Amino acid sequence: MNARTTDDRWGPYPLVLAGAVLAVAAAVLVDVEWGGFALGAVIMLGAATRLAGGGRLAVRKKTTDAVTLAVLGAALMAGSLLLEYPWLMPR
């Protein structure tokens with residue numbers, strides 16, 4: 001197996017993993033709400049890169065991964081915003 005095949009298989013996942021680690025570190029060290037928002041944004045970035053063709057997983061389809069990641073990322077971002085700004089919560 002050459003290096004090119006290995007790079008194609010991993011795609012953008014190492015970049016998304018690094019972003020997730022930084023977002024969790026921000027949540028622990030700086031602010032929980034904005035760290036959670038950053039983690040949601042990184043997950044949404046992972047959804048976009050997966051839909052754009054990143055990585056070659058054979059277990060699931062790209063659409064399934066992208067939709068799942070997008071929904072979870074959006075929920076995490078919305079929850080973080082509601083924790084930071086509770087007046088946004090519908091009554």
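Along each chain, residue indices are assigned from 1 in the same order as the chain's sequence is written. Only residues with pLDDT of at least 70 get local features here, since the model is predicted, and only at 80 or more are side-chain atom pairs given and counted; chain-wide, interface and lining totals rely on the full set of residues. The side-chain quantities take in all heavy atoms of the structure and omit both hydrogens and water.

## Focus: a nonpolar patch on the surface
Here comes step 1: Together, W34, L82, Y85, W87, L88 and M89 give the surface a local cluster of nonpolar side chains, amounting to about 610 Å² of exposed area.
Here comes step 2: With respect to the secondary-structure elements, M89 resides in the segment after α4 (62–84). Patch criteria: residues need more than 30% relative accessible area and no salt bridge. Like-charged residues are merged within 9 Å; nonpolar side chains of Val, Leu, Ile, Met, Phe, Trp and Tyr are merged within 5 Å. Surface accessibility in these figures is a Shrake-Rupley result with a 1.4 Å probe; residues are shielded only by whichever protein chains are displayed. The salt bridge criterion pairs a side-chain nitrogen of Lys or Arg with a carboxyl oxygen of Asp or Glu, the two atoms within 4 Å. Elements are defined by DSSP. Helices are runs of H or I of four residues or more, strands are runs of E of two residues or more, and each kind is numbered from the N terminus.

## Some thoughts on the packing of helix α2 (residues 13–29) against helix α3 (residues 32–51)
Here comes step 1: An axis is simply a line fitted to the C-alpha atoms; with a helix, the fit covers only the stretch in contact. Between two such axes, the angle follows the N-to-C directions and lies from 0 to 180 degrees. It is at 7 Å that the axes of α2 and α3 come closest, and there the two elements cross at 170°. Relative to α3, the element α2 lies roughly antiparallel. Of α3, the residues touching α2 (which contributes Y13, V16, G19, A20, A23, V24, A26 and A27) are V32, G35, G36, A38, L39, V42, G46, T49 and R50.
Here comes step 2: Here the nonpolar group is Ala, Val, Leu, Ile, Met, Phe, Trp, Tyr, Cys and Pro; Asp, Glu, Lys and Arg are the charged ones; every other residue, Gly included, is treated as polar. When grouped by side-chain class, the residues that make up the contact of α2 with α3 number 11 nonpolar, 5 polar and 1 charged. An angle below 35 degrees is treated as roughly parallel, one above 145 as roughly antiparallel, one from 65 to 115 as roughly perpendicular, and anything else as oblique. Contacts are residue-level and defined by heavy atoms, with any inter-residue pair within 4.5 Å sufficient.

## Quick notes on the packing of aromatic side chains
Geometrically, a pair of aromatic rings is defined through the distance of the ring centres and the angle of the planes.
Here comes step 1: Any two of the Phe, Tyr and Trp rings considered here, Trp counted by its six-membered ring, make a pair once their centres fall within 6.5 Å; the pair's planes then place it as stacked at under 30 degrees, edge-to-face at over 60, or tilted in between. A full pass over the atoms with the stated rule returns 3 aromatic pairs.
Here comes step 2: Ring centres of W34 and F37 lie 5.5 Å apart, and the angle between their planes is 70°; on these two criteria the pair is classed as edge-to-face. With W34 and F37 both in helix α3 and 3 residues apart, the pair spans about one turn of that helix.
Here comes step 3: Throughout this description, buried means an accessible area under 20% of the type-specific maximum (1.4 Å probe, protein chains only), exposed means over 50%, and partly exposed covers the range between. For W34, a relative accessible area of 37% corresponds to the partly exposed category.
Here comes step 4: Considering the side-chain rings of W34 and Y85, the 6.4 Å spacing of their centres and the 75° angle between planes classify their relative orientation as edge-to-face. Of this pair, W34 sits in helix α3 while Y85 sits in the segment after α4, and the two are 51 residues apart along the sequence.
Here comes step 5: On the accessibility criterion, Y85 (31% relative accessible area) is partly exposed.

## A short note on the side chain of S80
Here comes step 1: Tracing the backbone through its elements, the reader meets S80 in helix α4.
Here comes step 2: With sequence-adjacent residues up to four places away left out, S80 is seen in contact with E33, G36 and F37.

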